[in-house]
Amino acid sequence: MSGVDLSAAELSRIINTEGEDDRRGSRGAVSPPIYQSAMFCFPTVAEMRAGLRDELRTAFYTRGNNPTVELLRRKLAALESSEDALAFASGSAAISSAIIAHVAAGDEVVCIDRPYGWTGKLLGKLLPRFGVTARFVAEGSVEAFAAALSERTRMIVVESPNSLTFETQDLVGIAALARERGIVTLCDNSYATPLKQRPIQLGIDLVAHSATKYLNGHSDVVAGILCGSHDAIRRVFDGPFMTLGAALSPHDAWLLLRGLRTLPVRLRHMSESAGRIVERLREDPRIAAVHYPAEDLATGMLSVRLATDGVAGVERFCDALEHFLLTCSWGGYEALAYPMCALSESPNYAADDWPPWNLVRLSVGLEDCDLLLADLEQALEAMAPR
Ligand SMILES: *Cc1c(COP(=O)(O)O)cnc(C)c1O
């Protein structure tokens, strides 16, 4: 169950015209203008006072709202079928603001185990200093989540598919369980995108995105999105959004609007290529395991565990890659490889038993698929011990 009941026509309507049907104010500009202004003035005190009644919806000060950013918010709310949305300077800002807005000292957050690294740090390290604790659940079933709840549970955080291994959680069951007990749910939907999964349709309260990844898709902007009801978005806006101030700039919002125009075509190409790559790698004895989500959630992301006897073999494979760039992040137009063994000396990422040293995450780009397959083949040859 994915909650995607968006027709192709409705999808194009949202991406191409939502919020853009009246261009008179911008002299017919086809591409929306960038309102590169920190604040917006009013002709009279009375109009200023009226505007200030609702800063979430008024262009007054760009930390709160800005017309270019607001257009992006409208499109994302429509894509995720939520009442409203906020745009942030990063996905991490969206996730941390959503959580901080809903918890207080003494509360507990229940989260899927091994979420995106900085979500884990927020819950495991930062919030405990303020009296908010977290429990991490190893399995994505309703039973596992139910067993982790306590009187103090205020929020459930899920990420489905999850980072690195793309396992999924039972969003429908977990959302229903939470609703019964008045617990707020947040789902990181960065991997599936609203094209493959719409968690709000499944009963989830809040949906977060690292818009840095597929939504923008061009590796040139760091941004985050949070979607939810009017009340929930108001709560986040009046609290951490305005006080922490991690707002998206108008120019970055414009780049994101531009990236969004091609999301469906990009995802189609990448899912097709990734599917072919997965098929090939699953049969290869030099690959110990391929992590790839179930078909309806599959995009261009996969991870492989290399069947090699040490880090040197992983290094030979990665160093030989010519078309997959070695870096973090994912979801752009270009193929990327992220070897976990590169994290071993990082104070921020290395943990005792996770992630596995032989795991390499691959983000498939817009390249010709045969080119990528040939690149992987020659890198696997280079991996063999000499
Ligand atoms: C990258 C990422 C984030 C954080 O987003 P930023 O834009 O880098 O702050 C959150 N969740 C997932 C699943 C991610 O991959």
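Our subject is the structure listed above.
Treat the numbers as computed from the prediction; the structure is a model and nothing was measured. (Residues numbered from 1 in each chain as written. Predicted model: local features only at pLDDT ≥ 70, side-chain atom pairs only at ≥ 80, totals over all residues. Heavy atoms only, no water.)

K.L.:
Please give an account of the pairing of strand β9 (residues 301-306) that cites residues and values.
P.N.:
Side-chain positions along a regular strand alternate between the two faces of the sheet. Burial within β9 is extensive, with 5 of its 6 residues counted as buried. Across 4 bridges, the pairing between strand β8 (residues 287-291) and β9 is antiparallel. Across the sheet, the residue bridging to V290 is V304, located in β9. Sheet topology places β9 next to strand β12 (residues 359-363); 5 bridges connect them, and they run antiparallel. The residue bridging R305 from the neighbouring strand is L359, located in β12. (Buried < 20%, exposed > 50% of the residue type's maximum accessible area, 1.4 Å probe, protein only. Helix = DSSP H or I, 4+ residues; strand = E, 2+ residues; numbered from the N terminus. Pairing = 2+ DSSP bridges.)

K.L.:
Quick one: what's the story with the pattern of salt bridges, residue by residue and with numbers?
P.N.:
Summed over the entire model, instances satisfying the criterion amount to 18 salt bridges. For E20, the salt bridge identified is with R261, shortest N-O distance 2.9 Å. One end of the pair, E20, is in the loop between α1 (8-17) and α2 (45-51); the other, R261, is in the loop between α10 (250-260) and α11 (263-282), with 241 residues separating them in the sequence. Assessed through its relative accessible area of 27%, R261 is described here as partly exposed. Ionic pairing is found between E108 and R135, a salt bridge with its closest N-O pair at 3.1 Å. Of this pair, E108 sits in strand β2 (residues 108-112) while R135 is found in strand β3 (residues 133-137), placing the two residues 27 residues apart along the sequence. (Salt bridge = Lys/Arg side-chain N within 4 Å of Asp/Glu carboxyl O.)

K.L.:
Can you break down the packing of helix α4 (residues 91-102) against helix α5 (residues 117-126) residue by residue, with the values?
P.N.:
Between α4 and α5, the shortest axis-to-axis distance is 10 Å and the interhelical angle comes to 30°. As the angle between them shows, α4 and α5 are arranged roughly parallel. Between α4 and α5 lies a crossing of right-handed hand. Judged by residue contacts, S92, I95, S96 and I99 of α4 engage W118, T119, L122 and L123 from α5. Per-class residue counts for the contact of α4 with α5 are 5 nonpolar, 3 polar and no charged. (Axes fitted to C-alpha atoms, helices over the stretch in contact; angles between N-to-C directions. Parallel < 35°, antiparallel > 145°, perpendicular 65-115°, else oblique. Left-handed = near helix turned anticlockwise from the far one by under 90°. Contact = heavy atoms within 4.5 Å. Nonpolar A, V, L, I, M, F, W, Y, C, P; charged D, E, K, R; others polar.)

K.L.:
Please give an account of the sheet that holds β12 that cites residues and values.
P.N.:
Taken in spatial order, the 5 strands of this open sheet run β8-β9-β12-β11-β10, and their pairing is mixed. Each edge of the open sheet is held by one strand with a lone partner, namely β8 and β10 (325-326). Where strand β11 (residues 336-339) and β12 come together, 4 bridges link them in antiparallel fashion. Paired with A337 across the two strands is L362, which belongs to β12. In the packing of α11 onto the sheet, contacts are made with β8 and β9, and the angle to β9 comes to roughly 15°.

K.L.:
Give a description of a nonpolar patch on the surface that names residues and reports values.
P.N.:
A cluster of nonpolar residues, Y116, W118 and Y349, forms a patch on the protein surface that exposes about 270 Å² of accessible area. With respect to the element layout, Y116 can be found in the loop between β2 and α5. (Patch = residues over 30% accessible without salt bridge, like charges linked within 9 Å, V, L, I, M, F, W, Y side chains within 5 Å. Areas by Shrake-Rupley, 256 points an atom, 1.4 Å probe, with all protein chains shown as cover.)

K.L.:
Can you explain the nonpolar core? Please cite residues and give values.
P.N.:
I99, F145, I156, L186 and L226 are the most contacted members of the largest nonpolar core, which has 48 residues in total. Residues within four places of L186 in sequence aside, it is in contact with I95, A98, I99, M155, I156, V157, V158, I204, L206, V207, A208 and L226. Membership of the second largest hydrophobic core comes to 36 residues, among which are L71, A85, C227 and L260. (Core = buried A, V, L, I, M, F, W, Y, C linked by side-chain atoms within 4.5 Å.)

K.L.:
Describe in detail the sheet that holds β2, supporting the description with residues and values.
P.N.:
With mixed pairing, the 7 strands of this open sheet are ordered in space as β1-β7-β6-β5-β4-β2-β3. One side of each edge strand has no neighbouring strand; the edge strands of this open sheet are β1 (84-88) and β3. Between one strand axis and the next, the sheet turns by 20° as a mean value, whatever way the strands run. Sheet analysis places β2 next to strand β4 (residues 153-159), joined by 4 bridges and oriented parallel.

K.L.:
Go over the side chain of R73, please, and point to the residues and values.
P.N.:
Tracing the sequence through the fold places R73 in helix α3 (residues 67-79). Overall, R73 belongs to the buried group, its relative accessible area being 4%. A distance of 3.3 Å separates a polar atom in the side chain of R73 from a polar atom in the side chain of D84. Once residues within four sequence positions are removed from consideration, R73 is found in contact with L56, N65, D84, A85, L86 and A87. (Polar contact = N/O pair within 3.5 Å; in protein donor to acceptor, adjacent residues only side chain to side chain.)

K.L.:
Let's hear about the site of the ligand: which residues, and what values?
P.N.:
Near the ligand, the surroundings consist of 14 residues, among which G91, S92, D188, T212 and K213 are the closest. Between the ligand and the protein, one listed contact pairs an oxygen atom with a backbone N or O atom of G91 at 2.9 Å. Interatomic distance of 2.6 Å between a side-chain N/O atom of T212 and an oxygen atom of the ligand. The protein chains hide 92% of the 380 Å² of surface that the ligand would expose on its own. The element that contributes the greatest number of residues to the shell around the ligand is α4, accounting for 3 residues. Of the residues in the shell around the ligand, the class split is 6 nonpolar, 6 polar and 2 charged. (Near = heavy atom within 4 Å.)

In short, shape yes, function no, at least from these values alone.
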